[in-house]
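Structural overview
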Amino acid sequence: MLDGLRDRYHAVLRRARRFERREVAEFRRWLEHTTNLIHLSVLLLVPLLIAVVTWFSQALSVVSFLLFPPLASGTYTLFADPEGKYASPTKFVGGMTAGAVCGWVALLISANLHRVEPSQLSPHASGAALSILLTGAVTWALDLEEPTAFSTALLVLITDAAVGEIAEVTILSSTVTVGVSGAFSYVVSVALTSGFVAGVFVLWRDHFYEQRSRYLYQSTKGDDHVLVPMRGDRASSAAMFGAQLAAAHDAGKVVLLDVVDEETVKTVAETGDESDGTDDDQPELVDAETVEAEGAAAEAVQVADESAKRLEAEANRIKTRVGVPCEVVVAGDGANTASTVLKTAHETNCDLVVAPYEEQNGGLSPFVRGLFRGDVDTIAFRSAPESDGRERWKRVLVPVRRAGDTAHAMIDFARRLTGLSGSVGVCTCIDREAERRATETKLANLVETFDGSFETRVSRSSIESFLSANDSHYDLVIMGASTDRSTASRFISPPTFERLHDLECDVAVVHRA
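Each chain carries its own residue numbering, running from 1 in the written order of its sequence. Confidence filtering applies because this is a predicted model: local features only for residues at pLDDT of at least 70, side-chain atom pairs given and counted only at 80 or more, and all residues used for totals across whole chains, interfaces and linings. Side-chain figures throughout are based on the complete set of non-hydrogen atoms in the structure, without hydrogens or water.

Topic: the nonpolar core
Residues belong to one nonpolar core when they are buried, are Ala, Val, Leu, Ile, Met, Phe, Trp, Tyr or Cys, and are joined through side-chain atoms within 4.5 Å. A simple rule labels every residue: compare its accessible area, found with a 1.4 Å probe on the protein chains alone, to the largest value its type can have, and call it buried under 20%, exposed over 50%, or partly exposed in between. Counting residues in hydrophobic clusters, the biggest one holds 47 residues, and the most contacted among them are Phe241, Leu256, Val354, Val398 and Ile478. Helix numbering and strand numbering both begin at the N terminus, where a helix is a DSSP run of H or I of at least 4 residues and a strand a DSSP run of E of at least 2. Residue contributions to this core peak at 8 residues, all from helix α10 (residues 235–247). If we ignore the near neighbours within four places in the chain, the residues touching Val398 are Met410, Ile411, Ala414, Val424, Gly425, Val426, Cys427 and Ile478. Formed by 35 residues, the second largest nonpolar core is a distinct cluster that contains Phe367, Phe372, Val477 and Met479. Contacts are residue-level and defined by heavy atoms, with any inter-residue pair within 4.5 Å sufficient.

Structural data, given as structure tokens:
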């Protein structure tokens, strides 16, 4: 009874842990979208910063609550578009402070014209107009155009009436009463609080936002142990491609795999293998089934030895040309070749499979489909006949459909192949011209976290037409496998790579597990 309850408890605990790991992974992938990261930062940081400023306003009565509306909107502007026109700490602090100063000057001029004290002057139309006029002229001349500057300029007009001429400053539990203009104290508080917010923004942008690929993008941290199934006539090209990816990381390595199936063993036996254990010296009393088993085993060993020698030669070539560690594995065929490859990837601690691209009946072969259904990142590499065994890829094009971990992984692969000296183009196609600006922003967000320069392109043509027109300018096209789409969607609109068969450059199809 107790053992059954204990087993049930542990089973529930394991399911809960699996669910937790899955949810954490999904949340990290969600955060890889720059817009989601920005929205979450705004949701968490803006209220926190306003709360800190509110605490200061209670500790230092010089800080007027009238400061908070422009400060909150300006803080949102900073964090909501950290690469935008108004995301400059200098413009943020300078603009808000300049607006407050211009409003203060306008207040003094209005009070002088009306022959009253500033604290006794109610908001006047002429004062408001003069405040906005001065703010517009000063911010334009100093290139400090900031929307919140106009808010701080107008709010100065009511600070003397709201705060008064006497301000109490509380410092370390001691209250000091000073005679200071409410408008002047408002200007000082604008400069101090906006400077505090700008400092937090700079820290967030420089040490987190611009480094988000380091902290959040799991797609750029691994894929340095590469398993290459040596199948077909283009296996050597796929192996070299995988080696170049692995060589970009210090801990990279390549594992060459050959799967010895029963058909290969039968072929060796039918072509005259004499190591079948049935020669004339074989004693007649030995059981026939034993003889047959020993012969089959000898044939399998011979096939494995020949395969190992072939892989060793390929491994030596890769070590010499790329300089990356290379291992060799020969595995026996199981019930499914793709399952054997995935199992070997786990056993050899490989986190990426680079397989030669295979087709059957106009679509992917069952082998590649099986890899795409697995739990290991996979690239199906198709070498173009015109490439003539290309071993370097210095011009790479990456078509992306949407932002996310797959797009980040493809761009990371492209940068690994080209290095800082090569060129990487990131493109997408749109249906309407109204989508262009948002798409350009999406591409900019995708590439800005990677080192090196990038070319971003937005086209109104179809993806097939765009790639066909530009394939001759690139050595390689890296595209997604669209495995995140539903079966119905893939049936209505087949993946792009299945519709492109005549490209003059190599093609790498990326599947994220």
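From this point, things continue past the structure.
Structural notes on the packing of aromatic side chains
Classification of ring pairs rests on two measures: the distance between centres of Phe, Tyr or Trp rings, Trp counted by its six-membered ring, which must be within 6.5 Å, and the angle between planes, read as stacked under 30 degrees, edge-to-face over 60 and tilted in between. Summed over all chains, the structure comprises 8 aromatic pairs. Here the aromatic rings of Phe79 and Trp204 are separated by 5.1 Å at their centres, their planes lie at 55°, and the arrangement is tilted. In this pair, Phe79 is assigned in helix α3 (residues 68–80) and Trp204 in helix α8 (residues 182–207), connecting sequence segments 125 residues apart. A relative accessible area of 0% places Phe79 in the buried class. Ring geometry for Phe201 and Trp204: centres 6.1 Å apart, planes at 35°, overall tilted. With Phe201 and Trp204 both in helix α8 and 3 residues apart, the pair spans about one turn of that helix. Trp204 carries the same exposure label as Phe201, and that label is buried. An aromatic cluster is present here, built from Phe79, Phe201, Trp204 and Tyr209 joined pairwise through their rings.

Thoughts on the packing of α3 against helix α6 (residues 147–155)
Orientation is described by axes fitted as lines to C-alpha atoms, over the contacting stretch for helices, and by angles from 0 to 180 degrees between their N-to-C directions. Running from N to C, α3 and α6 cross one another at 175°; their axes reach a closest spacing of 9 Å. What the angle tells us is that α3 and α6 run roughly antiparallel. Residues Pro70, Ser73 and Gly74 of α3 touch α6, and the partners they reach there are Thr148, Ser151, Thr152 and Leu155. Considering only residue class, the contact of α3 with α6 consists of 2 nonpolar, 5 polar and no charged. For classification purposes, an angle smaller than 35 degrees is called roughly parallel, one larger than 145 roughly antiparallel, one from 65 to 115 roughly perpendicular, and anything else oblique. Think of it as three bins: nonpolar holds Ala, Val, Leu, Ile, Met, Phe, Trp, Tyr, Cys and Pro, charged holds Asp, Glu, Lys and Arg, and polar takes everything else, Gly as well.

Focus: the environment of Glu83
When you line up the elements, Glu83 lands in the loop between α3 and α4 (89–113). Taking relative accessible area as the criterion, Glu83 reaches 41% and is therefore assigned partly exposed. Sequence-wise, Glu83 and Asn445 are 362 residues apart; in three dimensions their C-alpha atoms are separated by 9.1 Å. With sequence-adjacent residues up to four places away left out, Glu83 is seen in contact with Tyr209, Glu210 and Glu448.

Focus on the sheet that holds strand β14 (residues 506–511)
Here the rule is simple: two strands pair whenever DSSP picks up at least two bridges between them. The strand order across the open sheet built from 10 strands is β5-β4-β3-β6-β9-β14-β13-β10-β11-β12, with neighbouring strands paired in mixed fashion. Only two strands of the sheet have a single partner each, and these edge strands are β5 (326–332) and β12 (454–459). Each strand of the sheet is rotated relative to its neighbour by a mean of 25°, with strand direction disregarded. Its contacts with the sheet place helix α16 (residues 436–447) against β11 (423–429) and β12, and it is angled at close to 155° to β12. Strands β10 (395–399), β11, β12 and β13 (476–480) of the sheet are contacted by helix α17 (residues 463–470), whose axis makes an angle of about 175° with β10.

A look at the packing of α10 against helix α15 (residues 405–418)
α15 packs onto α10 with a crossing angle of 95° between their chain directions and a minimal axis gap of 8 Å. The angle between α10 and α15 places the two elements in the roughly perpendicular class. Each of Phe241, Gln244 and Leu245 in α10 lies in contact with α15, whose residues at this interface are Phe413, Arg416 and Leu417.

Digging into the pattern of salt bridges
Definition used for salt bridges: Asp or Glu carboxyl oxygen within 4 Å of a side-chain nitrogen of Lys or Arg. As enumerated under the stated definition, the model contains 19 salt bridges in all. Of the charged contacts, one joins Asp377 and Arg512 as a salt bridge, the two residues approaching to 2.6 Å between their closest N and O atoms. Taken together, the positions of Asp377 in strand β9 (residues 377–382) and Arg512 in the segment after β14 put the pair 135 residues apart, joining distant regions of the chain. Here Asp377 falls in the buried class, since its relative accessible area comes to 11%. Taking the relative accessible area as the measure of exposure, Arg512 reaches 14% and is therefore buried. The salt bridge involving Asp405 is made with Arg512; its shortest N-O contact spans 3.6 Å.

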